[in-house]
Amino acid sequence: MASTSAPRSASANPLRDFLRTRRARLSPDEVAVISTGARRVPGLRREEVAALVGVSVDYYVRLEQGRVRPSDSVLDAVARALRLDETERAHLRRLVHPGTDTATHVRPENVRPEVQELLDGLGGLPALVVNARLDILAWNRLAAALICDFAVLPPEHRNAVWLLFVDPATRRLYVDWPRVAGDAVAILRVASAANADRATTELVDNLSRTSSEFRAFWAQHDVHAKAHGIKVFRHPIVGPLTLRFETLGLSGDQQNMLTYLPVDAESAATLRLLAAWEDGRPAHDNAYIST
């Protein structure tokens, strides 16, 4: 899984690479384009996208290369032609207009004590707080029992993407690891465009050097803003359980609280068993963390 000879993670032209991957996933038939001649690559050609957008081929090529600043109406036409969802549209705007919402420095991310009290008060449900790049900033005891003992990790490794690709135990925990890992990388891709600070860049670079699988996911240029869904766990102590996660934004903090809820009676019983197991262990000091 690991490699020590990885190329640098940052693309020389993330706008070009993003639009290229969006073109590659569409076929001419999907967008009612008449295909002529042999196709060397899958998906739409640049000239086909240019025709759909209503601009010259030369203009679209320069747009992909980042050599022109298109108007909002042209960007909207590109988004429609490539069938981008709302998250992808926002990502495209950030790539075309970099720096509009970029952090200029790394600031400490403190979780308010009141939020930690809320996490602890959820007792019977795993809950944790993350930032945009999925650093794990705070958690309750059941979240640590479910996923891993975050307290023993160095702060730089308390990150969901890092754990998914580098920690074998975390990898084994998720029944559908490729889907979970792909979603996490897509969320990190959004963060890398919206908050191009040193910590985010270093995380992507370190993961790219460490994991060839991360590099493969990163090269897909997928972006997500996934706020809810289902995860199936294969816990080493209590066995399988299926949990629904919900994400709640913490006002003014640029942080999100993730709470896991059982989807059925069987998973609820397994979660209670996990809580009972955790109650029998020595308590950890899970006071809020500053990273």
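## A closer look at the overall build of the protein chain
Now for step 1: For the protein chain, the count of helices and strands is 13 helices and five strands.
Now for step 2: Split into buried and exposed, the 291 residues of the protein chain put 46% on the buried side.
Now for step 3: Taking the intrachain contacts of the protein chain between residues at least 6 apart in sequence as the baseline, contacts between residues at least 24 apart amount to 60%.
Now for step 4: Of the roughly 14400 Å² that the protein chain leaves accessible, carbon and sulfur atoms contribute 54%.

## Points about the packing of helix α10 (residues 177–194) against helix α11 (residues 198–210)
Now for step 1: For the pair α10 and α11, the least separation of the axes is 9 Å and the interaxial angle reads 140°. In terms of orientation, α10 and α11 fall into the oblique class. The crossing of α10 and α11 is left-handed. Counted together, Leu-188, Ala-191 and Ser-192 of α10 and Thr-200, Leu-203, Val-204 and Leu-207 of α11 form the full contact between these two elements.
Now for step 2: When its residues are assigned to classes, the contact of α10 with α11 shows five nonpolar, two polar and no charged.

## Some points on the nonpolar core
Now for step 1: Judged by nonpolar contacts, the single largest core of 44 residues is most densely connected at Phe-150, Val-161, Phe-165 and Phe-214.
Now for step 2: Among the elements that make up this core, the one with the highest residue count is α10 (seven residues).
Now for step 3: Counting residues in hydrophobic clusters, the runner-up holds 26 residues, among them Leu-15, Leu-44, Ala-50 and Val-53.

## Topic: the pattern of salt bridges
Now for step 1: Under the counting rule described, the total for this entry stands at 17 salt bridges.
Now for step 2: We note a salt bridge from Asp-17 to Arg-16, for which the minimum N-O separation is 3.2 Å.
Now for step 3: Overall, Asp-17 belongs to the buried group, its relative accessible area being 12%.
Now for step 4: Of the charged contacts, one joins Asp-17 and Arg-20 as a salt bridge, the two residues approaching to 3.8 Å between their closest N and O atoms. Placement of both Asp-17 and Arg-20 in helix α1 (residues 14–24) is noted, with a separation of three residues, approximately one turn of the helix.
Now for step 5: What you see here is one network of salt bridges that share partners, running through Arg-22, Arg-25, Glu-88 and Asp-222.

## Section: the confidence of the model for the protein chain
Now for step 1: Looking at the protein chain, pLDDT values average 85 and 86% of them are 70 or higher.
Now for step 2: Note on residues 1–9: pLDDT under 50 across the span, and 22 contacts to partners over four residues away in sequence or across chains.
Now for step 3: Note that residues 284–291 has pLDDT below 50 and, in this model, 25 contacts with residues that lie over four places away or in other chains.

## Let's talk about unusual backbone geometry
Now for step 1: A positive phi angle is found at Arg-83, which is not glycine, with a value near 55°.
Now for step 2: Position of Arg-83 relative to the elements: it lies in the loop between α4 (72–81) and α5 (86–96).
Now for step 3: A residue is classified by how much of its surface remains accessible, and Arg-83, at 47% relative accessible area, is partly exposed.
Now for step 4: A positive phi angle, close to 60°, is found at His-221, a residue other than glycine.
Now for step 5: Here His-221 shows up in the loop between α12 (212–218) and β3 (228–235).
Now for step 6: Assessed through its relative accessible area of 5%, His-221 is described here as buried.

## Some details on the sheet that holds strand β1 (residues 127–130)
Now for step 1: Pairing within the open sheet is antiparallel, and its five strands lie in the order β2-β1-β5-β4-β3. Of all the strands in the sheet, the pair left with one neighbour each is β2 (136–139) and β3. Here the strands of the sheet are splayed against their neighbours by 30° on average, with no regard to which way each runs.
Now for step 2: Relative to strand β4 (residues 239–250), β3 is paired through eight bridges, and the arrangement is antiparallel. Paired with Lys-231 across the two strands is Leu-243, which belongs to β4.
Now for step 3: Sitting on the sheet, helix α13 (residues 265–279) is in contact with β3, β4 and β5 (255–262), with an inclination near 85° to β4.

Calculation criteria
Residues numbered from 1 in each chain as written. Predicted model: local features only at pLDDT ≥ 70, side-chain atom pairs only at ≥ 80, totals over all residues. Heavy atoms only, no water. Helix = DSSP H or I, 4+ residues; strand = E, 2+ residues; numbered from the N terminus. Buried < 20%, exposed > 50% of the residue type's maximum accessible area, 1.4 Å probe, protein only. Contact = heavy atoms within 4.5 Å. Areas by Shrake-Rupley, 256 points an atom, 1.4 Å probe, with all protein chains shown as cover. Axes fitted to C-alpha atoms, helices over the stretch in contact; angles between N-to-C directions. Parallel < 35°, antiparallel > 145°, perpendicular 65-115°, else oblique. Left-handed = near helix turned anticlockwise from the far one by under 90°. Nonpolar A, V, L, I, M, F, W, Y, C, P; charged D, E, K, R; others polar. Core = buried A, V, L, I, M, F, W, Y, C linked by side-chain atoms within 4.5 Å. Salt bridge = Lys/Arg side-chain N within 4 Å of Asp/Glu carboxyl O. pLDDT = per-residue confidence, 0-100. Pairing = 2+ DSSP bridges.

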